[in-house]
Amino acid sequence: MAYKDFISVIHNSTTRDYLARVNNPDYPKAKAAKLAKQWGYDYWDGNRAINYGGYKYMEGRWEKVAREMVKHYKLPKNPKILDVGCGKGYLLFDFLKVIPDAEIFGIDISNYAIENSKKEIQKNLQIGNATELPWPDNYFDLVYSINTFHNLHNYDLDKALREFDRVGKNNKYICVESYRTEEEKANLLYWQVTCESFCTPEEWEWWFKHTGYTGDYSFIYFE
């Protein structure tokens, strides 16, 4: 298990006004969170005060992440790759630009995300929960999850981490939200709308060890 950051380059490219988000008069935080947790239109393509404000495919945005992951992990020919919390499948789609013969799989709790995913790979995506992955042990050559596990309650987080580790072989990667200071904690609370597990890096590392997670991980911070 090692710290390996693939996502900060994406996360840090966005400018965030934390106070404007939490003080939005049309979508106060409780209202925004209630809408976001339906994982439907409002979460993905609704008002920016709720969440993404329109989650569209951007050429090259996720491809650089895919290339860095392929470069780091020594994958076999025709690797099986799973994205847990795949959303609209943009990163999986860009993996095929790097490894055209890869077998890609995605699972997400959002029916809206799957229905509005990249049409080219929609058949490879399915609705489901991270706590119950419908694949056998050691099935994937690479399994990853980006900004998903912090959305689980503690009672689901334990099972989901064990499931995640179970279906992967050697190459596994998780990225979650975290905080190191009170300022970052406040910003996280102001910005997030779906987070349920608010953990410091040390607490996340405790979770990984507690559940026997053997893969890599990284954190994103709201500075």
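Residues numbered from 1 in each chain as written. Predicted model: local features only at pLDDT ≥ 70, side-chain atom pairs only at ≥ 80, totals over all residues. Heavy atoms only, no water.

With that out of the way, let us pick up the environment of Tyr-3. Positionally, Tyr-3 belongs in the segment before α1 (8-11). Along the backbone, Tyr-3 and Ile-174 are 171 residues apart, and their C-alpha atoms lie at a distance of 9.7 Å. Beyond its immediate sequence surroundings of up to four residues, Tyr-3 is in contact with Tyr-217, Ser-218 and Phe-219. At a separation of 3.4 Å, a polar atom in the side chain of Tyr-3 contacts the main-chain amide nitrogen of Phe-219. (Helix = DSSP H or I, 4+ residues; strand = E, 2+ residues; numbered from the N terminus. Contact = heavy atoms within 4.5 Å. Polar contact = N/O pair within 3.5 Å; in protein donor to acceptor, adjacent residues only side chain to side chain.)

Membership of the largest hydrophobic core comes to 40 residues, with the highest contact counts inside it found for Ile-7, Trp-62, Met-69, Tyr-144 and Tyr-173. Elements that contribute at least two residues to this core include exactly α3 (29-36), α4 (41-45), α5 (63-72), α6 (90-98), α7 (111-115), β4 (140-146) and β5 (168-177). Looking at this core, the element that brings in the most residues is α6, giving five residues. When neighbours within four sequence positions are excluded, Trp-62 is seen to be in contact with Ile-7, Ile-10, Tyr-55, Tyr-90, Leu-91, Asp-94 and Ile-146. Counting 26 residues, the second-largest nonpolar core is a separate cluster that includes Leu-82, Ile-107, Ala-160 and Tyr-221. (Core = buried A, V, L, I, M, F, W, Y, C linked by side-chain atoms within 4.5 Å. Buried < 20%, exposed > 50% of the residue type's maximum accessible area, 1.4 Å probe, protein only.)

Reading across from one edge, β3-β2-β1-β4-β5-β6 is the order of the six strands in this open sheet, with parallel pairing throughout. What marks the edges here is a single partner per strand, and that holds for β3 (125-127) and β6 (216-220). Mean inter-strand twist for the sheet, computed between neighbouring axes without regard to direction, equals 15°. Here strand β2 (residues 103-108) runs beside β3; their pairing, made up of three bridges, is parallel. The partner of Asp-108 across the bridge, within β3, is Ile-127. (Pairing = 2+ DSSP bridges. Axes fitted to C-alpha atoms, helices over the stretch in contact; angles between N-to-C directions.)

Turning next to the packing of helix α8 (residues 154-167) against helix α10 (residues 201-211). Remark: α8 packs on α10, axes separated minimally by 9 Å, with the N-to-C direction vectors making an angle of 55°. On the basis of their axis angle, the class for α8 and α10 is oblique. Regarding α8 and α10, the two cross each other, and that crossing is right-handed. Residue-level contacts link Asn-154, Leu-157, Asp-158, Leu-161 and Arg-162 of α8 to Trp-204, Trp-207, Phe-208, His-210 and Thr-211 of α10. (Parallel < 35°, antiparallel > 145°, perpendicular 65-115°, else oblique. Left-handed = near helix turned anticlockwise from the far one by under 90°.)

Let us look at α10. If you check which residues of α10 are buried, you get Pro-201, Trp-204, Trp-207, Phe-208 and Thr-211. Down the axis of α10, the buried side of the element spans an arc of 115°, and every buried residue falls inside it. Exposed side chains of α10 directed beyond 90 degrees from the buried face belong to Glu-202 and Lys-209. Summarising the contacts, the buried residues of α10 are in contact with α8, β5 and β6. Positive phi shows up at Gly-212, right after α10, with a value of about 80°. (Arc of directions from axis to C-beta.)

So, about unusual backbone geometry. If you check the backbone angles, Asn-138 has positive phi at about 55° while not being a glycine. Despite not being glycine, Asn-147 shows a phi value in the positive range, around 60°. The residue Asn-147 is located in the loop between β4 and α8 in this model. Of the residues examined, Asn-147 reaches a relative accessible area of 27% and is grouped as partly exposed.

Turning to the packing of aromatic side chains, a few remarks are in order. This model, assessed by the stated rule, comprises 30 aromatic pairs. Between the aromatic rings of Tyr-43 and Tyr-52, the centroid separation amounts to 5.6 Å while the plane-to-plane angle is 85°, which identifies the pairing as edge-to-face. For Tyr-43, a relative accessible area of 8% puts it in the buried group. In this structure Tyr-52 comes out as partly exposed when scored by relative accessible area, which is 32%. An angle of 85° between the planes, with centres 5.0 Å apart, marks the rings of Tyr-139 and Phe-140 as edge-to-face. Judged by relative accessible area, which is 26%, Tyr-139 ranks as partly exposed. The ring of Phe-93 carries Lys-118 above its face, with NZ or CZ at 4.4 Å from the centroid. Positioned over the ring face of Tyr-221 is Arg-180, at 3.6 Å from the centre of the ring. (Phe/Tyr/Trp six-rings, centres within 6.5 Å; stacked < 30°, edge-to-face > 60°. Lys NZ or Arg CZ within 6 Å of the ring centre and 35° of its normal.)

Spatial relationships are all this shows, so hold off on functional conclusions.
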